[in-house]
Amino acid sequence: MSPSSKILLCLLLVEVAACGTVISLPDHLVCNLEPEAVSPLGQNDALTLAERISENCVITHRKCPKTGEKRMLPFQVAVALISKFHEFSPETLASLGQVAVGLSVTQIESGIRNEDLLASLPPLSKVRGWNAQQAGALLSKLFRSGFQIEDGRSLAALGSLVAGLDEDRLQGLPPNRVLEALKVPGFATQLENLSPSQKRMFVDKAAVFFDDVIRAVHNFSSLSAFILHGFTCAAASNLNTERLQELAKAMKEKKVQLGKDQLLCLADRLMLQGIPQDFNDYPEDLVLFVSPSDYGAIGSCKEYFARVGRANVDLLEKGSPQRKQLLAEALDCLKISGPHVSQENAEILGRLACDLSAEYFKTSGRNLLKQLTECRSFSPDQAKAIQVLLCSGNTPVGPPSEWTSSTLEELSGLFPVFDHCILQKIPASVLMPQLKCFLHKSHLPRKDLATLVKNLRSPRHKRATGSQCPDGQNITDEKAQDELLPIDYDDPEELRACLGDEVFLRNMGVLSQYAFTTQQLPVFKDKLDTIYPDGYPDSVLRNLGGFLNVMGPEDVKKWKFNSSETLAALLANEPSSELAAAIISQYTDNGGPLDAEALNAIGTNYLCLLEPEQLKKISEEAIKAAEPLDPSSCNQTTKDILYPKAKRAFSDRHNPPYYYDLIKPYLGGAPGEDLRALSKDNVNMNISTFMGLRKDAVLELTPSEVKALLGTNLPDLKKQKDNSPLKEWIPRQKQSELDRLGFGVSGGTPDGYINLTPSNKRPAQTSGATGSLALHLFPSLLLTVLLTAFLS
């Protein structure tokens, strides 16, 4: 064994004092160190080691698999090295390099002078892994030192610290400044680590100038993915077919993830003259909006469904008619008549396999296992079939008792459905490290993670008796940082006894993110109610996290908050509609304004909960400054109140396509006269937006106005002819005018008939039939009426 290997083995297995120094370890071994190994080091040696770690390791909060090109070093080692210092000069921060990620918020606030932070911005902006609290604390000191975001380069200079920008400051950034920053090499990469809401803000700001950018750029491939993500239908309408094809190819090259509406618009434009021969060079997800028959011009049905299987089918709602039709057509194409699916067909089905019934899982689970790991959700029957399959061991990966770390990595997508039978058979040495990674990285709702935790029982037998915590089981600050805490303290009474109030309050922001079960959560509520009997302060409300799940409307009434930041923190926990409505009402009752920040917090998810009196308090300025909202699924009263506000808010957008993109979500409250005005602007309204318009407004439109409104989407009208408001609109039109639309809709009034249309203002209870009343006047009857009138 080499000397360096002996030192490493000694450091890992024996007492550090007996091992010599870690400084003599070669570079390829420093990433294997544990915190105890660096505790004897002085400041100079700590800085030397930090420089080597920065060059050779990736510092991570969790030792997760798939480490990449560099080895991973536990975050706690960085913390241990940082603890050697009480003050951090620019020279020290520069030498620490990536190890600076171990700085605590307290160390940032007390150990770094404002002027030193400004001088240290270049190295700190390159540190990977800042969390929002660290980055926020650093930026707060940076702005106090006089730093300002004056242009795109100063924004880009923040680098990885951009994660600390709060919503107010993000909202205030001029779009052209964001656009300039996105052109600086490397800045767009930093945005990948932002929260979803932060990313959305950057994309929205880039979209404002998207049309100007693509007009000025010759090579679309030179644009970053963030700029390309700002693609709008309005911009597409200003490009000829050749340029639009070039743009679509650049989007695929940069792996831009487009939304459903963006893809629908792109597909409509690209398919005007049939499917392009180079369709495979366009974004993968575009195939979801092209029919198998259209694709047949360039490939077989197997090729089509292989592309569908690789696409993000979750862009289409699970259980929607379109997804059901895709699956049925795929099974027909592949000649699958029963629940048996071959491995070859499973590969073709890809993510469409997620929609197969539980019977397919039971019969063909071995062949489908790879595809099932990519599914986002399962029905109860599907989940049960997977559990039985995995627990039986009759799969390519064998029984759970033989699984390795690589097996769990391979099956990580199925972690949420692992039940007691599976979890108890996996070796603990394999399960626990992987479980930490999963709990840390998972985007599943906490209640789903809590179900997973509930299926695990702690191997310890010692439990709290009365109010006493077992010896050695007190929860310390260090233990509070462990995501497996809900498993290690699965007994609620032990959790209550072992968690002191001071440790709880210091670590509340972390603890509230863990996957505690419904049996454990009341422990935290009881502690908070005892500490704050008259209601929780803002500092607590902003860190409630999963604890909010055991709060009720009566608890909310005690909270005296009116800060939009607190509102945002509470609603970010995705409370139930009842609880969210109580939170919003408490905010407004306490004088909280429904300004742009509050609307961003409420978002589309909770917009429909607002009462008419609350909606009336929203100003046009707030709608204009807020992130895009979509009230299309709200009740008609909400749409009617918000539409005129949105119309005034966006009235200064003189470019019709851009105005339309902004006003589109609000059109469910638009009157007929406004729809007629839009029909003159070549907006190409999609059919889903049209079907969400007010019925009385649609009934005012003529066939030619509808044709102008829908534009290239006119053929989709036929598919909706039996649904309101079309089914009421069609009988009111002359069939000859419908025929001129050119897509074969029947049901209009034949020529020679007279439409007697009931008034739209008739009370609902008296309007028995909503269709038109047509009376056929025979020539003889008409002659009689005229003669009678003449003789009288």
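Residues numbered from 1 in each chain as written. Predicted model: local features only at pLDDT ≥ 70, side-chain atom pairs only at ≥ 80, totals over all residues. Heavy atoms only, no water.

K.L.:
Talk me through the overall build of the protein chain; I want residue IDs and the actual numbers.
P.N.:
The secondary structure content of the protein chain amounts to 50 helices and four strands. The buried share of the protein chain, reckoned over its 792 residues, is 48%. Here the contacts in the protein chain between residues at least 6 apart in sequence split such that 63% fall between residues at least 24 apart. Total accessible area computed for the protein chain in this model is approximately 38000 Å², and 51% of it derives from carbon and sulfur atoms. (Helix = DSSP H or I, 4+ residues; strand = E, 2+ residues; numbered from the N terminus. Buried < 20%, exposed > 50% of the residue type's maximum accessible area, 1.4 Å probe, protein only. Contact = heavy atoms within 4.5 Å. Areas by Shrake-Rupley, 256 points an atom, 1.4 Å probe, with all protein chains shown as cover.)

K.L.:
Which residues make up the pattern of salt bridges, and what values go with them?
P.N.:
In a structure, side chains of opposite charge can pair up when their charged atoms sit close to one another. Tallying each qualifying case throughout the model produces 30 salt bridges. A salt bridge links arginine 376 to aspartate 314, with the nearest nitrogen and oxygen atoms 3.4 Å apart. Taken together, the residues arginine 376 in the loop between helix H24 (358-372) and helix H25 (380-392) and aspartate 314 in the loop between helix H21 (301-310) and helix H22 (321-333) connect sequence positions 62 residues apart. We classify arginine 376 as exposed; its relative accessible area is 62%. Of the charged contacts, one joins arginine 323 and aspartate 355 as a salt bridge, the two residues approaching to 2.6 Å between their closest N and O atoms. You can see arginine 323 sitting in helix H22 and its partner aspartate 355 sitting in the loop between helix H23 (343-349) and H24, a full 32 residues away along the chain. Judged by relative accessible area, which is 1%, arginine 323 ranks as buried. (Salt bridge = Lys/Arg side-chain N within 4 Å of Asp/Glu carboxyl O.)

K.L.:
Describe H24, naming the residues involved and giving the relevant values.
P.N.:
For H24, built from 15 residues, the straight-helix expectation of 21 Å at 1.5 Å per residue is missed by more than 12%, its first-to-last C-alpha distance being only 12 Å. If you look at H24, its biggest bend is around 110 degrees, right at glycine 365. (Expected span 1.5 Å × (residues − 1). Bend = angle between axes of the 7 residues up to and from the residue.)

K.L.:
I'd like a rundown of the confidence of the model for the protein chain, residues and numbers included.
P.N.:
Of all residues in the protein chain, 88% attain a pLDDT of 70 or more, and the chain-wide mean is 86. For residues 65-69, every residue scores under 50 in pLDDT, and the model assigns this stretch five contacts once sequence neighbours within four places are set aside. Note on residues 458-462: pLDDT is under 50 here. Beyond four places in sequence and across chains, it has ten contacts. (pLDDT = per-residue confidence, 0-100.)

K.L.:
Got a sec to walk through helix H3 (residues 43-56)? Specific residues and values, please.
P.N.:
Compared with an ideal rise of 1.5 Å per residue, which puts 14 residues at 20 Å, H3 spans 20 Å between its outermost C-alpha atoms and is within 8% of the ideal. Considered for burial, the residues of H3 that qualify are Ala46, Leu47, Leu49, Ala50, Arg52, Ile53 and Ser54. Buried residues along H3 sit in contact with helix H2 (35-38), strand E1 (57-60), strand E2 (71-74), helix H4 (75-82) and helix H5 (90-96).

K.L.:
Would you mind going over the packing of helix H18 (residues 241-253) against helix H19 (residues 260-270) in detail, with residue names and values included?
P.N.:
H19 packs onto H18 with a crossing angle of 140 degrees between their chain directions and a minimal axis gap of 10 Å. When the axes of H18 and H19 are compared, the pair comes out oblique. In the crossing of H18 with H19, the sense of the turn from one axis to the other is left-handed. Where H18 abuts H19, its residues Thr241, Leu244, Gln245, Ala248 and Met251 lie against Leu266, Arg269 and Leu270. The residue inventory of the contact of H18 with H19, partitioned by class, reads five nonpolar, two polar and one charged. (Axes fitted to C-alpha atoms, helices over the stretch in contact; angles between N-to-C directions. Parallel < 35°, antiparallel > 145°, perpendicular 65-115°, else oblique. Left-handed = near helix turned anticlockwise from the far one by under 90°. Nonpolar A, V, L, I, M, F, W, Y, C, P; charged D, E, K, R; others polar.)

K.L.:
So what's going on with the packing of helix H37 (residues 564-571) against helix H39 (residues 596-607)? Which residues, and what values?
P.N.:
Interhelical geometry of H37 versus H39 gives an angle of 25 degrees and a closest axis separation of 7 Å. What the angle tells us is that H37 and H39 run roughly parallel. Helix-helix and strand crossings are classified by hand; for H37 and H39 the assignment is left-handed. Residues Ser564, Leu567, Ala568 and Leu571 of H37 form the contact with H39, whose participating residues are Glu597, Ala598, Ala601, Ile602 and Tyr606. For the contact of H37 with H39, the per-class residue count stands at seven nonpolar, one polar and one charged.

K.L.:
Break down the state of the cysteines for me, with residues and values.
P.N.:
Counted by the stated rule, this structure contains six disulfides. Paired through a disulfide, cysteine 354 and cysteine 375 show a sulfur-sulfur distance of 2.0 Å. On the sign convention where negative means left-handed, the S-S torsion of about -95 degrees between cysteine 354 and cysteine 375 marks this disulfide as left-handed. Placement of cysteine 354 in the loop between H23 and H24 and of cysteine 375 in the loop between H24 and H25 is noted, with a sequence separation of 21 residues between them. (Disulfide = S-S within 2.5 Å.)

K.L.:
So what's going on with the side chain of asparagine 713? Which residues, and what values?
P.N.:
Along the chain, asparagine 713 falls in the loop between helix H47 (703-710) and helix H48 (726-729). The exposure class of asparagine 713 is buried, given its relative accessible area of 4%.

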